[in-house]
Amino acid sequence: MKYIRSTYEILALRCMDESIDERHSNWAVEMLKAGFETDHLASLVLLEKPIDQFEIKHLVDVILKELDLDYKDNTKVLYEYSSYFIKKYLNKEIPSFKLLHEIKKLYLFLDYDYNLSPFYLLYHAKIDLDSNGYQHYYDGANSENIDSKIFDECLDWLENYPVK
């Protein structure tokens, strides 16, 4: 991707029609600092509450079009976002539960996407292991090895869907 890395998140949020919030204005600031300028990008920096979601989503769509960023292919966008989020986890920027929780949302949004299912299963396995020490979601995972199972799934994912 020729843009800053948080662009993956912005495209995923727009793809899933999530509310526009401070993540978008933070992204706009980062984009401007990185030298990207459009007629409308600076307007996004100046978000004031309350935010009219209909109006601001239109502004974000205009910005994405100006930057030639497409979010219409749900699977492609959310796979790239998964890879971005996995990289954040592997770089120790986020904990495993946050990773699993986020990818679980993507799995459900993509109507139980098979390729994301290991993360969904690990999410539920981790919850059960943390609460009662037993799980039946992910074969072979237990309290001692759940973190290594998560790590291995992340490496497998990045082999198939590397971050660009």
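Summarised in this report is the structure supplied together with it. These numbers come from a predicted model, not from an experiment.

Things to note about the overall build of the chain
Then step 1. Along its length, the chain carries 8 helices and 0 strands.
Then step 2. Helices (α) and strands (β) of the chain occur, in sequence order from the N terminus, as α-α-α-α-α-α-α-α.
Then step 3. Its C-alpha atoms give the chain principal-axis dimensions of roughly 55 × 30 × 25 Å.
Then step 4. Within the chain, the proportion of its 164 residues that are buried is 46%.
Then step 5. Nonlocal contacts in the chain, meaning residues at least 24 apart in sequence, comprise 57% of its contacts between residues at least 6 apart.
Then step 6. Accessible area for the chain stands at about 9300 Å²; split by element, carbon and sulfur atoms hold 49% of it.
Then step 7. The average position of the 19 basic charges and that of the 30 acidic charges among the side chains of the chain differ by 2 Å.

Here we look at the nonpolar core
Then step 1. Judged by nonpolar contacts, the single largest core of 51 residues is most densely connected at Trp27, Leu44, Leu78, Ile86, Leu99, Leu116 and Ile150.
Then step 2. Counting residues per element, the ones that place at least two in this core are helix 1 (7–15), helix 2 (22–33), helix 3 (41–45), helix 4 (53–66), helix 5 (74–90), helix 6 (96–109), helix 7 (117–132) and helix 8 (146–160).
Then step 3. Those residues in contact with Ile86 that sit more than four places away from it in its chain are Leu99, Ile103, Phe119, Cys154, Trp157 and Leu158.

Here's the deal with helix 5
Then step 1. An ideal rise of 1.5 Å per residue puts 24 Å on 17 residues; helix 5 measures up with 24 Å between its terminal C-alpha atoms.
Then step 2. The complete set of buried residues in helix 5 reads Val77, Leu78, Tyr79, Glu80, Tyr81, Ser82, Ser83, Tyr84, Phe85, Ile86 and Tyr89.
Then step 3. Here the buried face of helix 5 lies against helix 1, helix 6, helix 7 and helix 8.
Then step 4. Directly beyond the C-terminal end of helix 5, a positive phi value near 65 degrees is found at Lys92.

Digging into the packing of helix 5 against helix 6
Then step 1. The geometry of helix 5 relative to helix 6 is characterised by a closest axis approach of 10 Å and an angle of 175 degrees between their N-to-C directions. It follows that helix 5 is roughly antiparallel to helix 6 by the angle criterion. Each of Asn74, Leu78, Tyr81, Ser82, Phe85, Ile86 and Tyr89 in helix 5 lies in contact with helix 6, whose residues at this interface are Ser96, Lys98, Leu99, Glu102, Ile103, Leu106 and Phe109.
Then step 2. Classifying every residue of the contact of helix 5 with helix 6 gives 9 nonpolar, 3 polar and 2 charged.

What to know about the layout of surface pockets
Then step 1. Its volume calculated, the largest pocket comes out at about 160 Å³.
Then step 2. What lines the largest pocket is Glu9, Arg23, Tyr81, Phe85, Lys88, Ile94, Lys98, His101, Glu102 and Lys105.
Then step 3. Elements that contribute at least two residues to the lining of the largest pocket include exactly helix 5 and helix 6.
Then step 4. If you tally residues by element for the lining of the largest pocket, the top one is helix 6, at 4 residues.

How each quantity is defined
Residues numbered from 1 in each chain as written. Predicted model: local features only at pLDDT ≥ 70, side-chain atom pairs only at ≥ 80, totals over all residues. Heavy atoms only, no water. Helix = DSSP H or I, 4+ residues; strand = E, 2+ residues; numbered from the N terminus. Buried < 20%, exposed > 50% of the residue type's maximum accessible area, 1.4 Å probe, protein only. Contact = heavy atoms within 4.5 Å. Areas by Shrake-Rupley, 256 points an atom, 1.4 Å probe, with all protein chains shown as cover. Lys, Arg positive; Asp, Glu negative; His and termini not counted. Charge placed at Lys NZ, Arg CZ, Asp CG, Glu CD. Core = buried A, V, L, I, M, F, W, Y, C linked by side-chain atoms within 4.5 Å. Expected span 1.5 Å × (residues − 1). Axes fitted to C-alpha atoms, helices over the stretch in contact; angles between N-to-C directions. Parallel < 35°, antiparallel > 145°, perpendicular 65-115°, else oblique. Nonpolar A, V, L, I, M, F, W, Y, C, P; charged D, E, K, R; others polar. 1 Å grid on protein atoms, 1.4 Å probe; cavity = no way out; pocket = protein on both sides within 12 Å on 5 of 7 lines; lining within 4 Å. Points joined across faces, edges and corners; volume = space filled by probe spheres on them.

The values reported here are purely geometric and, on their own, carry no functional implication.
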